[in-house]
Amino acid sequence: MRAVEFQEYGGPEVLRVVQVETPEPGPGQVTLDAAYAGVNFADLKARAEGYRVGSLPFRPGLEVSGRIRAVGPGVTGLRPGQEVAALVDRGAYAEVVVAEAAAVLPLPAGVDLRTAAALPTVLPTAHALLHEVGRLRAGETVLVHSAAGGVGTVAGQLARAAGAVAVYGVVSSAAKAAHALEHGYDEVFTEDAFTDGVRRATRGRGVDLVLDPVGGDTLRRGLDTLAVFGRLVSFGNASGAPPWQVGQPELYEGGRSVAGFSILSLARSAPEELRRLTERALRTVAEGSVRVPVTAQFPLADAAGAHELMGGRTSTGKLLLRISG
């Protein structure tokens with residue numbers, strides 16, 4: 001079978017399509033004939049920086065949709081031929097993918113394989129950030145960084161559906177601003193001016209909840225935009241800057257709080273919670289209350305092109321690799 005791997009760290013050009021042995025499922029596992037794989041920023045960090053790699057060569061990819069090929073010993077409730085989506089630890093950029101059965105969900109009516117590949121990381125993450133960790137309540141205001149990305153595109157819609165009275169976004173370009181405004185955001189600010197933008201839009205009050213995948217100085221500045229009793233949830237460090245250490249004085253002022261979240265950590269430590277989040281997320285798509293726009297797809301052989309686009313300043317929404325179907 002074909003799979004994408006890299007044998008050294010670097011730019012998109014280090015990604016190679018290789019022929020490898022087709023895997024078989026072990027105990028508690030299934031194999032999928034993959035239809036689509038999602039492309040995530042974590043894949044780019046793995047390729048460029050060795051994020052969560054461990055050893056080389058490495059096959060990237062965290063989310064996949066397809067049909068179950070085979071089930072391993074001890075697996076119940078899943079059968080060959082079922083259309084499913086799955087979150088995997090690695091290796092989704094391949095024609096056949098191994099997944100833990102606990103992280104595999106049959107697709108509800110109304111969710112096709114193309115849409116499903118965009119869901120395993122984005123929707124559960126957005127749900128968890130807003131509801132489980134951020135504790136969003138109706139009538140509150142929200143600020144989302146990287147508002148035109150995969151999580152940001154969904155978070156704006158979910159915040160609106162949850163009763164937020166205002167949802168603000170932060171983006172890096174005019175094209176991304178237009179995308180965010182089409183997906184639940186009331187107003188969008190540039191990265192260099194979001195603190196002043198929030199003060200103006202909220203008349204000095206600040207926002208109740210900030211979602212930050214950027215880290216570094218952006219996290220520090222985001223804390224300054226919080227209202228009294230506001231919460232900031234950090235879920236990434238896309239800036240690559242050293243983590244900013246939050247001090248007690250910043251938290252004492254106005255009773256502000258900071259929390260963190262990682263969908264991959266949740267998959268390892270509490271898979272039953274991840275399954276609950278994912279099932280809930282899939283329902284929102286099946287019901288039509290949330291749209292997950294796939295803005296570009298690439299063939300498996302051009303995974304490098306997908307990485308190049310995602311790493312630029314014009315990428316919006318969700319990117320996929322089409323593997324079959």
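Owing to the predicted nature of the structure, the values given are computational and were not obtained by experimental measurement.

### A closer look at unusual backbone geometry
Then step 1. That bond from Leu 56 to Pro 57 is cis: its omega, 0°, falls within 30 degrees of zero.
Then step 2. Looking at the element boundaries, Pro 57 is found in the loop between α1 (41-49) and β4 (63-71).
Then step 3. The residue Arg 135 is not glycine, and still its phi comes out positive at about 55°.
Then step 4. Residue placement: Arg 135 occurs in the loop between α3 (122-133) and β8 (141-145).
Then step 5. Residue class for Arg 135 comes out exposed when judged on its relative accessible area of 53%.
Then step 6. With a phi close to 55°, Ser 146 is a non-glycine residue in the positive phi region.
Then step 7. In this structure Ser 146 comes out as partly exposed when scored by relative accessible area, which is 36%.

### Details of the pairing of strand β3 (residues 29-39)
Then step 1. Buried residues dominate β3, accounting for 10 of its 11 residues.
Then step 2. Judged from the five bridges that link them, β3 and strand β6 (residues 96-100) form a sheet pairing that is antiparallel. When the sheet's bridge partners are listed, Gln 29 is paired in β6 with Glu 100.
Then step 3. Relative to β4, β3 runs antiparallel, the two being bridged by seven bridges. Within β4, the residue paired with Ala 37 across the bridge is Val 64.

### Regarding the environment of Gln 297
Then step 1. Relative to the helices and strands, Gln 297 resides in strand β14 (residues 294-299).
Then step 2. With residues up to four places along the chain from it excluded, the contact list for Gln 297 reads Tyr 36, Arg 114, Leu 320 and Arg 322.
Then step 3. Here Arg 114 takes part through its side chain, which lies 2.8 Å from a polar atom of the side chain of Gln 297.

### Brief notes about the sheet that holds β8
Then step 1. Strand order in the open sheet formed by six strands is β10-β9-β8-β11-β12-β13, with parallel pairing between adjacent strands. Edge positions in the open sheet fall to β10 (187-190) and β13 (257-260), since each of these has one partner strand only. Sheet twist, expressed as the average angle between the axes of neighbouring strands with direction ignored, equals 20°.
Then step 2. Bridge analysis of β8 against strand β11 (residues 207-212) gives three bridges, and the strand direction is parallel. Across the sheet, residue Val 144 finds its bridge partner in β11, namely Leu 211.
Then step 3. Sheet contacts for α3: β8, β11, β12 (226-234) and β13; angle to β11, the most-contacted strand, approximately 145°.
Then step 4. Each of β9 (166-171) and β10 is contacted by helix α5 (residues 174-181), which is oriented at about 155° to β10, the strand it contacts most.

Cut-offs used in this document
- Residues numbered from 1 in each chain as written.
- Predicted model: local features only at pLDDT ≥ 70, side-chain atom pairs only at ≥ 80, totals over all residues.
- Heavy atoms only, no water.
- Helix = DSSP H or I, 4+ residues; strand = E, 2+ residues; numbered from the N terminus.
- Buried < 20%, exposed > 50% of the residue type's maximum accessible area, 1.4 Å probe, protein only.
- Pairing = 2+ DSSP bridges.
- Contact = heavy atoms within 4.5 Å.
- Polar contact = N/O pair within 3.5 Å; in protein donor to acceptor, adjacent residues only side chain to side chain.
- Axes fitted to C-alpha atoms, helices over the stretch in contact; angles between N-to-C directions.

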